[in-house]
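Reading the structure
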Amino acid sequence: MIQAVVFDVFGTLLQIDERRHPFRQLMQHLRLQGRTPRPDDARTLMTRNLGLAGAADYFGAQLSNSELASLESDLFTELASVRLFDDALESLNQLKNAGLKLALCSNLEPHMRFQPNCYCRRSMFTDGALRLGQ
């Protein structure tokens, strides 16, 4: 018998309407500066709570203040455009009304405005997981 439902929040319950890809842009800066991409770069970005400045420092990027400010502006634009899918709250309410516990997981949880009454919230930063079950 199913007792709980776990959601990886982004792409399932929440969407980003205005994608700017600031972390991808950071990685492009690094490539232009001669850094070879590594297979675990995405894992590092998604499982550590670095922020853009921290990620730039971690990977050794040489960015001007204006370049970093532009990337951070893009990140804030993305975060401001996060919204619930039209059917998300209704679906969550139906699951809760059916007696199921809900759990949310996200690699952006510290920034989430979406905070329904759930059994559990986990940050993938805390767990070091790229996706649920990893």
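For the structure, check the block above.
Summarised in this report is the structure supplied together with it. If you're wondering where the values come from, they're calculated on a predicted model, not measured in any experiment. (Residues numbered from 1 in each chain as written. Predicted model: local features only at pLDDT ≥ 70, side-chain atom pairs only at ≥ 80, totals over all residues. Heavy atoms only, no water.)

Section: the overall build of the protein
Note the following rule: Secondary structure counts use DSSP, requiring at least four H or I residues in a row for a helix and at least two E residues in a row for a strand, with both numbered from the N terminus. Here the term buried applies to any residue with accessible area under 20% of the maximum for its type, exposed to any over 50%, and partly exposed to those in between, with areas from a 1.4 Å probe on protein chains only. Note on definitions: a residue-residue contact is assigned when non-hydrogen atoms from the two residues lie within 4.5 Å.
From N to C terminus, the protein includes 6 helices and 5 strands. Here the protein holds 134 residues, and 35% of them are scored as buried. In the protein, once contacts between residues fewer than 6 apart in sequence are set aside, the share between residues at least 24 apart is 68%.

With respect to unusual backbone geometry
Most of the time, phi is negative for any residue but glycine, and the peptide bond is trans. The backbone of His21 sits at a positive phi, close to 55 degrees, despite the residue not being glycine. Secondary-structure assignment places His21 in the loop between strand E2 (14–16) and helix H1 (22–32). Relative accessible area serves as the criterion here: at 29%, His21 is assigned to the partly exposed category.

Considering the packing of aromatic side chains
To keep it simple, the criterion reads: The pairing test for Phe, Tyr and Trp rings, Trp by its six-membered ring, is centres within 6.5 Å, and the orientation test on the planes gives stacked under 30 degrees, edge-to-face over 60, and tilted for anything in between.
Evaluated as defined, the whole model comprises 1 aromatic pair. Here Tyr58 and Phe59 contribute two aromatic rings whose centre-to-centre distance is 5.1 Å and whose plane-to-plane angle is 90 degrees, an arrangement assigned as edge-to-face.

A short note on helix H3 (residues 51–59)
Threshold: This arc is taken over the directions from the axis of the helix to the C-beta atoms.
Taken together, the buried positions of H3 are occupied by Leu52, Ala55, Ala56 and Phe59. The arc that holds every buried residue of H3, seen down its axis, measures 100 degrees, which confines them to one face. In this fold, the buried residues of H3 make contact with H1, helix H2 (41–47) and helix H4 (65–80). Gly60 sits one or two residues past H3 and shows a positive phi near 80 degrees.

Details of the packing of H1 against H4
Applied cut-off: The axes are straight lines fitted to the C-alpha atoms, using for helices just the contacting stretch, and the angles between their N-to-C directions are given from 0 to 180°. Here the angle decides the label: under 35 degrees means roughly parallel, over 145 means roughly antiparallel, 65 to 115 means roughly perpendicular, and every other value means oblique. Each residue gets one of three labels, nonpolar for Ala, Val, Leu, Ile, Met, Phe, Trp, Tyr, Cys and Pro, charged for Asp, Glu, Lys and Arg, and polar for the others, Gly among them.
Taken N-terminus to C-terminus, the directions of H1 and H4 make an angle of 155 degrees; their axes are 9 Å apart at the nearest point. Judged on the interaxial angle alone, H4 and H1 are roughly antiparallel. Here Pro22, Phe23, Gln25, Leu26 and His29 of H1 lie close against H4, whose contacting residues are Glu67, Leu71, Asp74, Leu75 and Glu78. Classifying every residue of the contact of H1 with H4 gives 5 nonpolar, 2 polar and 3 charged.

A short note on H1
Burial in H1 covers these residues: Pro22, Leu26, Met27 and Leu30. The arc that holds every buried residue of H1, seen down its axis, measures 145 degrees, which confines them to one face. Tucked inside the fold, the buried residues of H1 contact H2, H3 and H4. Looking one or two residues beyond H1, the residue adopting positive phi is Gly34, at roughly 100 degrees.

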